[in-house]
Amino acid sequence: MTFLSELDLALAQESISASSLSFLPFLQNTLQWINSLGAVGGIVFIGIYIIATLAFLPAAILTLGAGIIFGVIWGSLYVFIGATLGAVAAFLVGRYLARGWVKEKISRYKKFAIIDKAVSKEGLKIVLLTRLSPLFPFNLLNYALGVTSVSFKDYLLGSVGMIPGTIMYVYIGYLAGDLALIANKNQPSNMILHWVIQIIGFIATIAVTVYVTKIAKKALEEEISE
């Protein structure tokens, strides 16, 4: 097993234990409430996404919900803004307010020091690659990068790596919400064409995300091994 595989598994286990499934009904109810807010729903959604990121809540539910409530374009934009601001907040907490707690959390992963060394040489590249790869648990990584030597500027710029995965999950949520149209008997005559276009777009989004993830993981493995 490669170093990245070991680290991925360890971080994933930490992320799963932190994100209690008991919060899922709460997040679902929250999404329903946001949907009823109308024009201010987007602002409220961003605020809740920031809190979810800081609190290790399963933000994937919010990302899927954004596709249902806001559609692909606005949903992706709101998620990216919320995720970026939440990531920045967690990074600053890890660096200045809870550095000891974060170091204790990641101390069991002794090889994490290797990423710190890689970050000191290629900060922007490492952050970008870890963001491109959804295999790295988002919430814990935000705090963990705060105790590395990566600059705030590189950390912030590397956040653009979240865009492919964000669009993919929002798109999945959008299609899931659009499934309700199937039960509608008064479907327009071009509904078949509508769904063909949707499915093609979905497959293309998945393919691009998987391809980018594969390249990112390989590049990160090579960067760290050096």
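All figures in this text were calculated on a predicted structure; none of them were measured in a lab.

## Side note on the overall build of the protein chain
And then number 1: Helix and strand counts for the protein chain stand at 11 helices and zero strands.
And then number 2: Reading the helices (α) and strands (β) of the protein chain from amino to carboxyl end gives α-α-α-α-α-α-α-α-α-α-α.
And then number 3: Looking at the 226 residues of the protein chain, the share that counts as buried comes to 43%.
And then number 4: Of the accessible surface of the protein chain, which amounts to about 11900 Å², a share of 68% is contributed by carbon and sulfur atoms.

## Quick look at the packing of aromatic side chains
Here the distance between the centres and the angle between the planes together describe a pair of aromatic rings.
And then number 1: The tally for this structure, following the rule as stated, stands at 10 aromatic pairs.
And then number 2: On the numbers, 6.3 Å between centres and 75° between planes, the contact of Phe-56 with Trp-101 is edge-to-face. With Phe-56 in the loop between helix H3 (41-54) and helix H4 (59-97) and Trp-101 in helix H5 (residues 99-106), this residue pair connects regions lying 45 residues apart in the sequence.
And then number 3: On the accessibility criterion, Phe-56 (13% relative accessible area) is buried.
And then number 4: Given the relative accessible area of 38%, Trp-101 is considered partly exposed.
And then number 5: Members of the aromatic cluster, connected to one another through ring pairs, are Phe-45, Tyr-49, Phe-70, Trp-74 and Tyr-78.

## As for the nonpolar core
And then number 1: Counting 18 residues, the largest nonpolar core has Phe-45, Tyr-49, Leu-62, Phe-70 and Val-79 as the members making the most contacts within it.
And then number 2: Those elements that place two or more of their residues in this core are helix H2 (24-35), H3 and H4.
And then number 3: Here the element with the most residues in this core is H4; it accounts for seven residues.
And then number 4: By size, the runner-up hydrophobic cluster in this structure holds nine residues, among which are Ala-87, Phe-91, Val-127 and Leu-145.

## Examining the UniProt feature "transmembrane region" (unreviewed entry) in the protein chain
And then number 1: UniProt's entry tags residues 33-51, 56-74, 80-98, 155-172 and 192-212 with the feature "transmembrane region" (unreviewed entry), counted in the numbering of this structure.
And then number 2: Counted over residues 155-172, helix gives 72% and strand 0%. Its end C-alpha atoms are 27 Å apart.

## Comments concerning a nonpolar patch on the surface
And then number 1: A grouping of Ile-73, Trp-74, Leu-77, Ile-81 and Leu-85 is seen on the molecular surface, where their side chains present a nonpolar patch of about 500 Å² in accessible area.
And then number 2: Topologically, Leu-77 is positioned in helix H4.

## Here we look at the confidence of the model for the protein chain
And then number 1: For the protein chain, the average pLDDT comes to 74, and 60% of its residues sit at 70 or higher.
And then number 2: The least confident element of the protein chain, judged by mean pLDDT, is helix H1 (residues 3-18) at 42; the most confident is H3 at 94.
And then number 3: Ignoring residues within four places in sequence, the model shows residues 1-20, a span with pLDDT below 50, making 36 contacts including any to other chains.

## Observations regarding the packing of H4 against helix H8 (residues 138-146)
And then number 1: The interhelical angle for the contact between H4 and H8, taken along N-to-C directions, is 45°, at an axis separation of 7 Å. By the angle between their axes, H4 is oblique relative to H8. In the packing of H4 onto H8, the handedness of the crossing is right-handed. Note on element contacts: H8 touches H4 through Phe-138, Asn-142, Tyr-143, Leu-145 and Gly-146, opposite Ala-83, Ala-87, Ala-90, Phe-91, Val-93, Gly-94 and Arg-95.
And then number 2: Grouping the amino acids of the contact of H4 with H8 by side-chain chemistry returns eight nonpolar, three polar and one charged.

Thresholds applied
Residues numbered from 1 in each chain as written. Predicted model: local features only at pLDDT ≥ 70, side-chain atom pairs only at ≥ 80, totals over all residues. Heavy atoms only, no water. Helix = DSSP H or I, 4+ residues; strand = E, 2+ residues; numbered from the N terminus. Buried < 20%, exposed > 50% of the residue type's maximum accessible area, 1.4 Å probe, protein only. Areas by Shrake-Rupley, 256 points an atom, 1.4 Å probe, with all protein chains shown as cover. Phe/Tyr/Trp six-rings, centres within 6.5 Å; stacked < 30°, edge-to-face > 60°. Core = buried A, V, L, I, M, F, W, Y, C linked by side-chain atoms within 4.5 Å. UniProt positions renumbered as here; feature names shortened; annotations may be inferred. Patch = residues over 30% accessible without salt bridge, like charges linked within 9 Å, V, L, I, M, F, W, Y side chains within 5 Å. Salt bridge = Lys/Arg side-chain N within 4 Å of Asp/Glu carboxyl O. pLDDT = per-residue confidence, 0-100. Contact = heavy atoms within 4.5 Å. Axes fitted to C-alpha atoms, helices over the stretch in contact; angles between N-to-C directions. Parallel < 35°, antiparallel > 145°, perpendicular 65-115°, else oblique. Left-handed = near helix turned anticlockwise from the far one by under 90°. Nonpolar A, V, L, I, M, F, W, Y, C, P; charged D, E, K, R; others polar.

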